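Fold and contact review
Next come the chains, spelled out residue by residue.
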Amino acid sequence: PSNDSEAPTLPLKPCTLAGMASKTTSTIVPKRVAHVPSLQSTTLQRPVIPTEFGAKVPTNIRQRYLNLFIDECLKFCSSSQEAFDKALAEEKVAYERSTSRNIYLNVAVNTLKKLRSLVPNSPPITHKTSNKKVVSHEAVLGGKLAAKTSFTLNRSGSLRSEDLTGAALYRRLKEYLMSEEQLKENGYPMPHPDKAGRAVLFTADEKKVTDSSCRICCRCGTEYMVSASGSCIRKEECVHHWGRLRKQRVPGGWETHYSCCSGAVGSPGCQVAKQHVHDGRKESLDGFVKTFEKLPTTDGYPGIYALDCEMCYTKQGLELTRVTVINSELKVVYDTFVKPDSKVVDYNTRFSGVTEEDLENTSITLRDVQAVLLNMFSADTILIGHSLESDLFALKLIHGTVVDTAIVFPHRLGLPYKRALRTLMADYLKRIIQDNVEGHDSSEDARACMELMVWKIREDAKVKR
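Each chain has its residues counted from 1, following the order in which its sequence is written. Thresholds applied to this predicted model are a pLDDT of at least 70 for local features of residues and 80 or more for the giving and counting of side-chain atom pairs; totals over whole chains, interfaces and linings are not thresholded and use all residues. Remark: hydrogens and water are excluded; side-chain values derive from all non-hydrogen atoms of the structure.

Which entries qualify depends on this criterion: UniProt positions are given in the numbering used here, feature names are shortened, and annotations may be inferred rather than shown by experiment.
As annotated in an unreviewed UniProt entry, the chain is RNA exonuclease 1 homolog from Malurus cyaneus samueli. We quote the UniProt Sequence similarities (unreviewed entry) comment for the chain here in full: "Belongs to the REXO1/REXO3 family." The UniProt entry for the chain carries this comment under Subcellular location (unreviewed entry): "Nucleus".

Okay, structure coming up:
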């Protein structure tokens, strides 16, 4: 201002467009900097599960658990490559041991627990923020109030554990007993109306044998000839698939494969045995015993037991080699190896878990087992098992008070299809059984049947409320 003496006077410089441009833009060329390798570029690439259409386990689930395995292996392995190799090996074992998605999830979780146990002094899983404060999982997933808030479900009508014992459990299990028609339909041995000690079948499985010297192998389906004593006339190997047929969804439809080797229907067998064998249990219907009525016991109920049997192949077919009985408290009350009446030709160890050494010094016979069971059971005792008709044929025992988990948990396609006990335990109780490479454990299978029925009673009680 020209008239204001107090205001400072500043020299004015003329501003041009060229001058303004020089103020706002830079003409300095930045120096080129050589690339410095980052940590990420020097680390090994994590392995990836290849995509496989129609696989029994989705690829994204397998990849997720593989990454978790790698994270744990990196904590105790000496190098990244060693961690990758170990994680891949563990994931491969989990996948090969599984026949479905649910079983894979259970095996993978158990593998993850095993790997975490190998980490020395492994701290609980936490998340760290930039200011080095430890934040719990609950706070990360649920917000600030999640770790400070608790809640309780009060279900006054739910069944307590003490409610499902003794007579109370017996009363509830009676709702799941098989009817006489169901026993006949599922091929259970029934008493012969005229001949004592003989059983009768009401299914199409009962066939009249026209030529006793000609048999059909129950593993590969080949006809073979035997002598009067049951020995094979000609030495011939049995090439077969030991697994079951499984249907898998593929692009455009379904494909059926064997669970043992993923071979297609009609493919050569993956297992070679020394000779052919046959079942024979439903052809020999003599020598059966039947449970009988007894006076009421002091505890007020006739008893609840779950049982499972293991068998081997002899010259005359499948025969009993082990029997296990457990009570409602999941305690073993009877467990013994049994010496077959005929010469053993295949111990069937893959499924029975019984070896030649187990039976070497055994003197217990089938008649001894029948005497013990008739003393232990009455006609009103509830017997629980999975496809129990198979066990009753092995025991040559006729009993009508039966709860069959294969019937209580039916297959979606109906008979003759039945769900495997291993699948039921994985789907409902989230547990893996029959996971031993040395064969099944009859006590484990018997406990599984009892636990499944207790779980079923509790679940059905929730629906009724």
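Some thoughts on the overall build of the chain
As a reminder, the rule being used: Helix and strand definitions follow DSSP, with helices as H or I runs of at least four residues and strands as E runs of at least two, each counted in order from the N terminus. Note on exposure labels: buried denotes an accessible area under 20% of the residue type's maximum, exposed denotes more than 50%, and partly exposed covers the range between, all computed with a 1.4 Å probe on protein chains only. A contact between two residues is defined here by any heavy atoms of the two lying within 4.5 Å. For the accessible areas, the method is Shrake-Rupley and the probe is 1.4 Å, while residue cover comes only from the protein chains on display.
What the chain contains, in helices and strands, is 15 helices and 18 strands. In the chain, which comprises 465 residues, the proportion classed as buried is 37%. Relative to all contacts within the chain whose residues are 6 or more apart in sequence, the contacts with residues 24 or more apart total 62%. As presented, the chain carries roughly 29,100 Å² of accessible surface, and 53% of it is formed by carbon and sulfur atoms.

Some remarks on the environment of Pro268
Mapped onto the elements, Pro268 comes out in the loop between strand E9 (253-258) and strand E10 (271-273). Assessed through its relative accessible area of 70%, Pro268 is described here as exposed. As for Pro268 and Cys220, which are separated by 48 residues in sequence, their C-alpha atoms are 9.9 Å apart.

As for the pairing of strand E12 (residues 304-314)
Let me state the cut-off plainly: One requirement defines pairing of two strands: DSSP has to find at least two bridges between them.
Of all the 11 residues making up E12, 11 are buried; the element is thus mostly covered by neighbouring parts of the structure. Side chains Ile304, Ala306, Asp308, Glu310, Cys312 and Thr314 of E12 all project onto a buried face; the interleaved residues Tyr305, Leu307, Cys309, Met311 and Tyr313 project onto the opposite face, where all are buried too. In this sheet, strand E16 (residues 382-385) lies alongside E12 in parallel orientation, the contact comprising 3 bridges. Along E16, the bridge assignment pairs Ala306 with Ile384. Relative to strand E13 (residues 317-327), E12 runs antiparallel, the two being bridged by 10 bridges. If you follow Cys309 over to E13, its bridge partner there is Val323.

Examining helix H3 (residues 59-73)
Cut-off, in case you're wondering: Given a helix with a known number of residues, its expected span is that number minus one, times 1.5 Å.
With 15 residues, H3 extends 21 Å from end C-alpha to end C-alpha; this agrees with the ideal 21 Å at 1.5 Å per step. Among all positions in H3, only Thr59, Ile61, Arg62, Gln63, Tyr65, Leu66, Phe69, Ile70, Glu72 and Cys73 are buried.

Considering the pattern of salt bridges
Rule in force here: The term salt bridge refers to a pairing of a side-chain nitrogen on Lys or Arg with a carboxyl oxygen on Asp or Glu at a separation within 4 Å.
With the rule as written, the count across this model stands at 19 salt bridges. Salt-bridge contacts for Asp286 lead to Arg198; the nearest nitrogen and oxygen are separated by 2.9 Å. Of this pair, Asp286 sits in the loop between E10 and strand E11 (289-290) while Arg198 is found in the loop between strand E3 (190-191) and strand E4 (199-200), placing the two residues 88 residues apart along the sequence. Where salt bridges share partners, they join Glu72, Lys75 and Arg116 into one cluster.

Some details on the side chain of Gln63
When you line up the elements, Gln63 lands in helix H3. Beyond its immediate stretch of four places on either side in the chain, Gln63 contacts Pro47, Val48 and Ile49.

Digging into the environment of Leu295
Along the chain, Leu295 turns up in the loop between E11 and E12. Assessed through its relative accessible area of 76%, Leu295 is described here as exposed. Each C-alpha atom, one on Leu295 and one on Ser378, is 9.0 Å from the other, the two residues being 83 residues apart in sequence.

Let's talk about helix H5 (residues 101-117)
Counted at 1.5 Å a residue, the expected span for H5 with its 17 residues is 24 Å, and the 25 Å between its end C-alpha atoms agrees. Within the span of H5, buried status applies to Ile103, Tyr104, Asn106, Val107, Ala108, Thr111, Leu112 and Leu115. Buried residues along H5 sit in contact with H3, helix H4 (80-96) and helix H14 (421-428).

Quick look at empty space enclosed by the protein
One water molecule sets the probe size; rolling that probe over the atoms shows where empty space is left. Selection criterion: Using only the protein atoms, space was sampled on a 1 Å grid; points where a 1.4 Å probe fits but cannot get out form cavities, open sets with protein on both sides within 12 Å along at least five of seven lines form pockets, and lining residues are those with an atom within 4 Å of a point. Grid points are joined across faces, edges and corners, and a volume is the space filled by probe spheres set on the points. Throughout, the ten residues Ala, Val, Leu, Ile, Met, Phe, Trp, Tyr, Cys and Pro are labelled nonpolar, Asp, Glu, Lys and Arg are labelled charged, and all others, Gly among them, are labelled polar.
Overall, the coordinates contain 1 cavity of 30 Å³ or more when judged by the stated rule. If you add up the space inside the largest cavity, you get close to 60 Å³. Together, 13 residues line the largest cavity, and Gly230, Gln275, His276, Thr314 and Lys315 are the ones closest to its centre. Residue composition of the lining of the largest cavity, by class: 5 nonpolar, 6 polar and 2 charged.

Brief notes about the nonpolar core
Definition in use: Side-chain atoms within 4.5 Å are what join buried Ala, Val, Leu, Ile, Met, Phe, Trp, Tyr and Cys residues into a set we call a nonpolar core.
Core analysis: the biggest nonpolar cluster contains 30 residues, and Leu320, Val323 and Leu395 have the highest contact counts within it. With 5 residues, E12 is the single largest residue contributor to this core. Leaving out residues up to four positions away in the same chain, Val323 has contacts with Asp308, Cys309, Tyr334, Asp335, Thr336, Val338, Val369 and Leu395. Counting residues in each nonpolar core, the second largest holds 26 residues, with Leu164, Ala448, Leu452 and Ile457 among its members.

Quick look at the side chain of Ser98
Note the cut-off: Any N or O atom pair separated by 3.5 Å or less is treated as a polar contact, with the protein-specific requirement of one donor-capable and one acceptor-capable atom, and with residues adjacent in sequence counted only for side-chain atom pairs.
Relative to the assigned elements, Ser98 resides in the loop between H4 and H5. According to the relative accessible area criterion, Ser98 is buried, its value standing at 0%. At a separation of 3.4 Å, a polar atom in the side chain of Ser98 contacts the main-chain amide nitrogen of Tyr104. Beyond its immediate stretch of four places on either side in the chain, Ser98 contacts Lys56, Ile103, Tyr104 and Val107.

A few points about the packing of aromatic side chains
Quick reminder of the rule: Side-chain rings of Phe, Tyr and Trp (the six-membered ring for Trp) are treated as a pair once their centres are within 6.5 Å; stacked means planes under 30 degrees apart, edge-to-face means over 60, and tilted covers the remaining angles.
Throughout the structure, instances matching the rule amount to 10 aromatic pairs. Aromatic pair Tyr95 and Tyr104: ring centres 6.5 Å apart, planes at 75°, arrangement edge-to-face. Of the two residues examined, Tyr95 and Tyr104, each falls in the buried class. Between Tyr305 and Phe377 the ring centres are 5.3 Å apart and the planes differ by 45°, which places this aromatic pair in the tilted class. Highlighted residues: Tyr305 in strand E12 and Phe377 in the loop between helix H11 (366-376) and E16, separated in sequence by 72 residues. Classification of Phe377 as buried rests on a relative accessible area of 0%.

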